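Here is what each chain is made of, one letter per residue.
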Amino acid sequence: MHLCARVVDLGCGSGKLLKRLLAETQFTEILGLDVSIGDLEMAAKRLRLETIPERQRIKLIQGALTYRDKRIAGFDGASLVEVIEHVDPDRLVAVERVVFEMARPGVIVVTTPNIEYNAKFESMKPGQLRHPDHRFEWTRAEFAAWATRVSEAFGYMATNSPLGPEDARLGAASQMAVFEMFA
């Protein structure tokens, strides 16, 4: 596993992960990127950026993952936590190129809901997605196939794992792929 000192949270939302990253001293530079100015404002409040001495270590920027952005290049690690399902399927290839080809961090962590697990939610109708802004949700096999394709296309090796308690038939609520760049 690569050691990460400089990390970027792509699709940082209201800053939940950023707050955890900021608590870890190994991270010398932390960048949060989101398309939503409102979410970035919430993240700034959550992190208390105007009052904390660590503000030299962390920065928030507005941007979209579908367009090349030199500000996210050169980081040791990147996360896309519950982000890709918010991207239109026909724009996912653009996100793949921006993150895996152009930004090219050493380690990339991607998490996304497991649609199979939705059957456990009594309030959900069959085929319903977990959030109104989700464009898709993948089965475990679909996510694994995507991770394999992206790894092969961009020179990474992916390790998939469940996130959360697992149902024997349906898997876990979310799924994760950790992509490590070939040395």
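Residues numbered from 1 in each chain as written. Predicted model: local features only at pLDDT ≥ 70, side-chain atom pairs only at ≥ 80, totals over all residues. Heavy atoms only, no water.

Details of the sheet that holds strand 6 (residues 156–167)
Within a sheet, each strand pairs with its neighbour through backbone hydrogen bonds, oriented either parallel or antiparallel.
Next, step 1: With respect to topology, seven strands assemble into an open sheet ordered 3-2-1-4-5-7-6, the strand pairing being mixed. Every interior strand has two partners, whereas the edge strands, strand 3 (58–62) and strand 6, have only one. Pairwise comparison of adjacent strand axes, ignoring direction, gives a mean angle of 15° for this sheet.
Next, step 2: Of the pairings in the sheet, the one linking strand 1 (residues 6–10) to strand 4 (residues 77–81) comprises three bridges and is parallel in character. Considered in strand 4, the bridge of V8 is made with A78.
Next, step 3: Contacting strand 2 (29–34) and strand 3, helix 2 (residues 37–47) runs over the sheet at an angle of about 165° to strand 3.
Next, step 4: The sheet contacts of helix 4 (residues 140–154) involve strand 5 (107–113), strand 6 and strand 7 (171–181), and relative to strand 7 the element is tilted by about 5°. (Pairing = 2+ DSSP bridges. Helix = DSSP H or I, 4+ residues; strand = E, 2+ residues; numbered from the N terminus. Axes fitted to C-alpha atoms, helices over the stretch in contact; angles between N-to-C directions. Contact = heavy atoms within 4.5 Å.)

Focus on the nonpolar core
Next, step 1: Formed by 31 residues in total, the largest nonpolar core has its most connected members in L10, L80, F100, I108, W146 and F179.
Next, step 2: Of all elements in the fold, only strand 1, strand 2, strand 4, helix 3 (92–103), strand 5, helix 4 and strand 7 reach the threshold of two or more residues within this core.
Next, step 3: Looking at this core element by element, the count peaks at six residues for helix 3.
Next, step 4: Not counting the four nearest positions on each side in its chain, F100 is found in contact with V95, I108, W146, V150, F154, Y156 and F179.
Next, step 5: Within the second largest apolar cluster, 18 residues are counted, among which are L22, I30, L40 and L47. (Core = buried A, V, L, I, M, F, W, Y, C linked by side-chain atoms within 4.5 Å. Buried < 20%, exposed > 50% of the residue type's maximum accessible area, 1.4 Å probe, protein only.)

Comments concerning the pattern of salt bridges
Next, step 1: Evaluation of the coordinates by the stated rule reveals eight salt bridges.
Next, step 2: One salt bridge connects E29 with R6, and the closest N-O pair in it is separated by 2.6 Å. Of the two residues, E29 sits in strand 2 while R6 sits in strand 1, which places them 23 residues apart along the sequence.
Next, step 3: When its relative accessible area of 31% is taken as the criterion, E29 is described as partly exposed.
Next, step 4: The partner of R140 in a salt bridge is E116, and the shortest N-O contact between them spans 2.9 Å. (Salt bridge = Lys/Arg side-chain N within 4 Å of Asp/Glu carboxyl O.)

Interpretation note: all reported values are geometric properties and have no functional meaning in isolation.
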